[in-house]
Amino acid sequence: MENSSSQRVLQQTRINELAAAIIARLATVSTEAQSDILVAGALPYLLALLARPFTPFNKMQEHVLDALGCLVKNNPDSGKKLVAQCVASSASSGDERSVVVLLRFLKEGGQPMTKLLAAACLSNLYRTVPFENQRIPGTLLLPTLIKLFSDGSELLKTDLPLLERSPLVFADLIADDENLQKLALEGDAVSRLAEILLCPEVRGCIGSPSAAFMPGSNAAVVMAVDSEGEENIKAKSLLGKGKTGAAQTSSIADTGVASSKTYERVAESCLLAIAALTSLREDTRKSAIDVNLLPVIVAALGSSRTPLRSAACKCTRSLSRSVKTLRTSLMDAGVVHPLFVLLADASEGVRADACAALCNIVLDFSPMKKTVIEGGGVERIVGTLKGARGVELRVNCVWALKNLLYQAGSDVKEKVMGELGWDELKHLVFDPHVGIQEQSLNLLRNLVCGRVEDIEAVLEGFGEAAFSIFFEKKLGGDLGTRSTELDAVVLQTLYVIVNIATGNERHKRLIIASDSVLRNIFKFMSHEKALIRLATVWCVINLSEPDDAYPKYTRDRLGRLVAFGFQEKLKQMLLDTDPDVQERVIIAIKNLSVADALGVEASQFSGAGAMGQDISVGLGDDMELEGM
């Protein structure tokens, strides 16, 4: 009888394990799938299995923790529902809150994998729901995760699944959190991860830089997709895809035997952790360079395995955010040519990651900008853009071209547009995807910044008539009915106007002569976002800049602005809540005050100002520079 009862318990335990594993897999499909599982009432049942009486059934509880972590990943509604739940405990101690139960597993879990699963669940919660105790991530979660992968050389022999997955959870926890990255550095995380990557088993599977990376090599530049395939890797994810971009494999998996692919997955996890750790802080980047990780990263760029190449690109992208590093270590490591090679990778995801790294490398303060241009970088990036299908890759390509044009000379601008073409730019600024529109407008904004000749070249290439249509389409419509998603598009369009208005008198007249453009500038002076209001004031400053040598042209421009009510609107904006806006408003009012001295009356001006001789005005030149 006792044996029969034990059999039933074991059978039920196994059923619970399988049910939790199925829930974990289903929860990674979509947010809707997570919600459907919660509506079906799974949460109380799962939490009940974490009660203390079930402690002997460790494997079952690990599956439950995995399922809970998947249910709350990137889902604030699910996270709030989990936090609100309690777990029945013994009669003497009463019920336990769900977060307390998870913390118990984090601190008291009998197996390292149990601690990891509890940490993953808590990390996912932290990303979606604020903790009452703000010390939990820094004082409990982070030290536990670092400890889990601290003895890398030993774990390579005893617990590869733990070593494969703990850096991924760590990376997801610290992503976009500068304070946690600081604490991780203080906790010696960089050295611990480096120790794993430099172990012979892991370092050996990464290999050495590909022959295709050597400048002048005739080797093929299209990398082969590994045998597993990108899609299969994504399909296996049970923990889901976090902020790190990692395709995280199941935390509940057969240990199996050590193989080169297992070591490659360990390398990928550690590289993604390094990428997250070095994304925001200069001291963590310096630490990664100091422990000699650059040769490993460059070698991984040439791996035959797609996820390793992607992870290495992400590391390069994070490290390239540093001015100091760009001037020294990255230049010495020679990362430009490998990234060029990866622009022709068989995986579009790798191409997107490589292009994202190049976005930072071609920033104006980078000594590698010249190397990129002279090495055919413009041609490669434009070629990649024209052959791209996915939105991410196209955004990154335009972003890279925009950064190439930051503080660029006329020769670079001519080279970029010679490759890209004006018709292609017109298509890009009207692309269905808002992100591509924004970056394309950034590019246009940089093209018209600088010399009068640069503005003239853009007007000739783009077409003055096309600009008139362009401004109306980007800025038209009622302020109250516009989607906030388009605010970035509005901002960049206004700065295109700002930069054109720094040109000569003919360029200013193109703006001043358009009732539509002036109405739209005036309209956006009441926008809720200070950055957009600031851009409109810059438009007025540049359009109203007095020129004592040509008082008639100044009088004509000021008259148009006064007639449209800009003077009165600016006086109202003296009370703007943003100090930057207030400061610029004072300059604009000072410019327009010249209208009174010149005897300008609003009723005199209902048409455009007269054409005049070229006059170069430099106030308010503006370019957009942005790293990734």
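Each remark here, short or long, concerns the structure printed above.
Now for a look at the structure at hand. (Residues numbered from 1 in each chain as written. Predicted model: local features only at pLDDT ≥ 70, side-chain atom pairs only at ≥ 80, totals over all residues. Heavy atoms only, no water.)

Take the overall build of the protein next. Helix and strand counts for the protein come out as 38 helices and four strands. Sorting the 628 residues of the protein into buried and exposed places 56% on the buried side. Once local pairs closer than 6 in sequence are excluded, the contacts in the protein between residues at least 24 apart make up 75%. Of the accessible surface of the protein, which amounts to about 25900 Å², a share of 53% is contributed by carbon and sulfur atoms. (Helix = DSSP H or I, 4+ residues; strand = E, 2+ residues; numbered from the N terminus. Buried < 20%, exposed > 50% of the residue type's maximum accessible area, 1.4 Å probe, protein only. Contact = heavy atoms within 4.5 Å. Areas by Shrake-Rupley, 256 points an atom, 1.4 Å probe, with all protein chains shown as cover.)

Once that is clear, we can look at unusual backbone geometry. Residues other than glycine seldom take positive phi values, yet N74 does so here, at roughly 55 degrees. With respect to the element layout, N74 can be found in the loop between α4 (58-72) and α5 (76-83). You can call N74 partly exposed: its relative accessible area is 44%. For D176, which is not glycine, the phi dihedral falls at a positive 65 degrees. Structurally, D176 is set in the loop between α10 (160-174) and α11 (178-186).

What follows deals with helix α8 (residues 136-148). Between the first and last C-alpha of α8 there are 17 Å, a value that for 13 residues agrees with the 18 Å anticipated at 1.5 Å per step. L142 marks where α8 bends most, by close to 30 degrees; the proline P143 follows one to four residues later. Buried residues along α8 sit against α6 (98-108), α7 (112-128), α9 (152-158), α10, α11 and α12 (189-197). (Expected span 1.5 Å × (residues − 1). Bend = angle between axes of the 7 residues up to and from the residue.)

The full count for this structure, using the stated rule, is zero disulfides. Residue C313 stays outside any disulfide, its sulfur separated by 9.5 Å from that of C315, the closest cysteine. With a relative accessible area of 0%, C313 lands in the buried category. In this model C359 remains outside any disulfide bridge; the closest cysteine sulfur is found in C355, 5.1 Å from its own. (Disulfide = S-S within 2.5 Å.)

If you trace the backbone, E96 turns up in strand β2 (residues 96-97). Of the polar contacts made by the side chain of E96, one reaches the side chain of R104; its length is 3.2 Å. (Polar contact = N/O pair within 3.5 Å; in protein donor to acceptor, adjacent residues only side chain to side chain.)

This paragraph deals with the packing of aromatic side chains. Evaluation of the coordinates by the stated rule reveals nine aromatic pairs. The interplanar angle of 65 degrees and the centroid separation of 5.7 Å between the aromatic rings of F462 and F470 together place this pair among those described as edge-to-face. Looking at F462, the relative accessible area reads 2%, which means it is buried. Assessed through its relative accessible area of 1%, F470 is described here as buried. With 5.4 Å between their ring centres and 80 degrees between their planes, F522 and F566 make a pair best called edge-to-face. Here F522 is found in helix α33 (residues 515-524), whereas its partner F566 is found in helix α36 (residues 566-572), with 44 residues between them in sequence. You can call F522 partly exposed: its relative accessible area is 27%. (Phe/Tyr/Trp six-rings, centres within 6.5 Å; stacked < 30°, edge-to-face > 60°.)

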